[in-house]
Amino acid sequence: MRQFGRMPPSLFLIGTDGPQMFVPDSLADEAAKDDFATTARLICIAHAATACVMALEAWAKFAKPNEKLDLTEPPSEAFDRQEVIVLMGEDRAAQKQTFLPIVRSDNGNFFGFGEHHAPVLDQVQGRFAQILPPHLPAKKDRVLAQLMLQVKGATPAPPTSAPSRPRR
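Residues numbered from 1 in each chain as written. Predicted model: local features only at pLDDT ≥ 70, side-chain atom pairs only at ≥ 80, totals over all residues. Heavy atoms only, no water.

1. Observations concerning the sheet that holds strand E4 (residues 82-91)
The condition is simple: Any two strands with at least two DSSP bridges between them are considered paired. Here a helix means four or more residues in a row that DSSP labels H or I, a strand means two or more in a row labelled E, and each is numbered from the N terminus. Note on definitions: angles span 0 to 180 degrees between N-to-C directions of axes, and those axes are lines fitted to C-alpha atoms, for helices only across the stretch in contact. Any two residues having at least one pair of non-hydrogen atoms within 4.5 Å are treated as being in contact.
An order of E2-E1-E3-E4-E5-E6 is seen for the six strands of this open sheet, with the pairing classed as antiparallel. In the strand order of this sheet, the two ends are held by strand E2 (18-22) and strand E6 (110-113), each with one partner. Sheet twist, expressed as the mean angle between neighbouring strand axes with direction ignored, is 20°. Along the sheet, helix H1 (residues 30-46) contacts strand E1 (10-15), E2 and strand E3 (51-60); its crossing angle with E1, the most-contacted strand, is approximately 10°.

2. Remarks on the pairing of E3
As judged from the five bridges shared by E1 and E3, these two strands associate in the antiparallel manner. Looking at E3, one finds that Ile14 is bridged to Ala51. As defined by bridge partners, E3 adjoins E4 across ten bridges and the pair is classed as antiparallel. Directly across from Glu57, in E4, lies its bridge partner Ile85.

Here's what the structure looks like:
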């Protein structure tokens, strides 16, 4: 965020090969978003992930205290929307979500993160939720997922301290 002013969508996981991460080339349209979610699920299966975190930049809209959330208006079109980083962590026992409000300076550059005032959520649904399979995959399922990833040209990488070009 500090270097580029944005955060690429990222999957972080812990699996049989240790920590891994995957960053797609882009999320330019709905098909690319669906492909990233599918690829993330395949990576979790292929590497027998025991925990994962999906990190994404998003627009969020929250209900005011004692008011119901208007679900007819997409957050990206809401007047009172908030730009956030969403961290969605999963293991087989639980899910946890955190919203980090993005603070920008007057010129639009990233300044830092604000205080998290979003309500505690018991479940998040959507294409980027429930990425981890509910059970440890069988060896044959892992091999099949690895072959599918190979055909797709998608390869996770070990996390590094310096950002690098996404691998795909």
